[in-house]
Amino acid sequence: MTRLALLQRLQELQQTPKFQNRDICAISAMLSKEALAKHVEVCEAAVAASGRTPAATLQ
C-alpha cells in the first residue's frame, strides 16, 4: 500500500467518534512507511474494538 493510501485511511479514521477529539494524523509526518502502516493498523483495531468500523477497513 502506498503512503498516500495509508494517509487517506488515517484521515478516514480521524473522522470516527473514537478519534474525533484526538489528532492521530500529526505523527504521520515523522513515521516511516512501515511505521505508518502499523499506526493505521493499531488505529483500525481500536475503532473495531469500539464497535464502529469505517467502510474502508471492510474492503
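Everything here concerns the structure above.
First things first, this report covers the structure right here in the doc. Being a predicted model, the structure only gives us computed values, none of them experimental. (Residues numbered from 1 in each chain as written. Predicted model: local features only at pLDDT ≥ 70, side-chain atom pairs only at ≥ 80, totals over all residues. Heavy atoms only, no water.)

## Things to note about the overall build of the chain
Secondary structure summary: the chain contains two helices and zero strands in total. Within the chain, the fraction of its 59 residues that count as buried is 25%. Relative to all contacts within the chain whose residues are 6 or more apart in sequence, the contacts with residues 24 or more apart total 62%. Surface accessibility of the chain: about 4000 Å² in total, with carbon and sulfur atoms responsible for 54%. (Helix = DSSP H or I, 4+ residues; strand = E, 2+ residues; numbered from the N terminus. Buried < 20%, exposed > 50% of the residue type's maximum accessible area, 1.4 Å probe, protein only. Contact = heavy atoms within 4.5 Å. Areas by Shrake-Rupley, 256 points an atom, 1.4 Å probe, with all protein chains shown as cover.)

## Concerning the nonpolar core
In this structure, Leu 6, Leu 10, Leu 13, Phe 19, Ile 24, Leu 36, Val 40, Cys 43 and Val 47 together form the largest nonpolar core, which totals nine residues. Looking at this core, the elements with two or more residues in it are helix H1 (3–14) and helix H2 (33–49). Counting residues per element, this core draws most heavily on H2, at four residues. Once you skip the residues sitting within four places of it in the chain, Cys 43 turns out to touch Leu 10, Leu 13, Phe 19 and Ile 24. (Core = buried A, V, L, I, M, F, W, Y, C linked by side-chain atoms within 4.5 Å.)

## Re the side chain of Gln 14
Summarising the element assignment, Gln 14 is placed in helix H1. Overall, the relative accessible area of 14% leaves Gln 14 in the buried class. Here Ile 24 takes part through its backbone nitrogen, which lies 2.9 Å from a polar atom of the side chain of Gln 14. Among all residues touching Gln 14, those that are not within four sequence positions of it are Phe 19, Gln 20, Arg 22, Asp 23, Ile 24 and Cys 25. (Polar contact = N/O pair within 3.5 Å; in protein donor to acceptor, adjacent residues only side chain to side chain.)

## A short note on the packing of H1 against H2
Interaxial distance between H1 and H2 falls to 10 Å at its minimum, and their mutual angle equals 25 degrees. The orientation of H1 relative to H2 falls into the category roughly parallel. In the packing of H1 onto H2, the handedness of the crossing is left-handed. Only Lys 33, Leu 36, Ala 37, His 39, Val 40, Cys 43, Glu 44 and Val 47 of H2 make contact with H1, whose side of the interface consists of Arg 3, Leu 6, Leu 7, Arg 9, Leu 10 and Leu 13. (Axes fitted to C-alpha atoms, helices over the stretch in contact; angles between N-to-C directions. Parallel < 35°, antiparallel > 145°, perpendicular 65-115°, else oblique. Left-handed = near helix turned anticlockwise from the far one by under 90°.)

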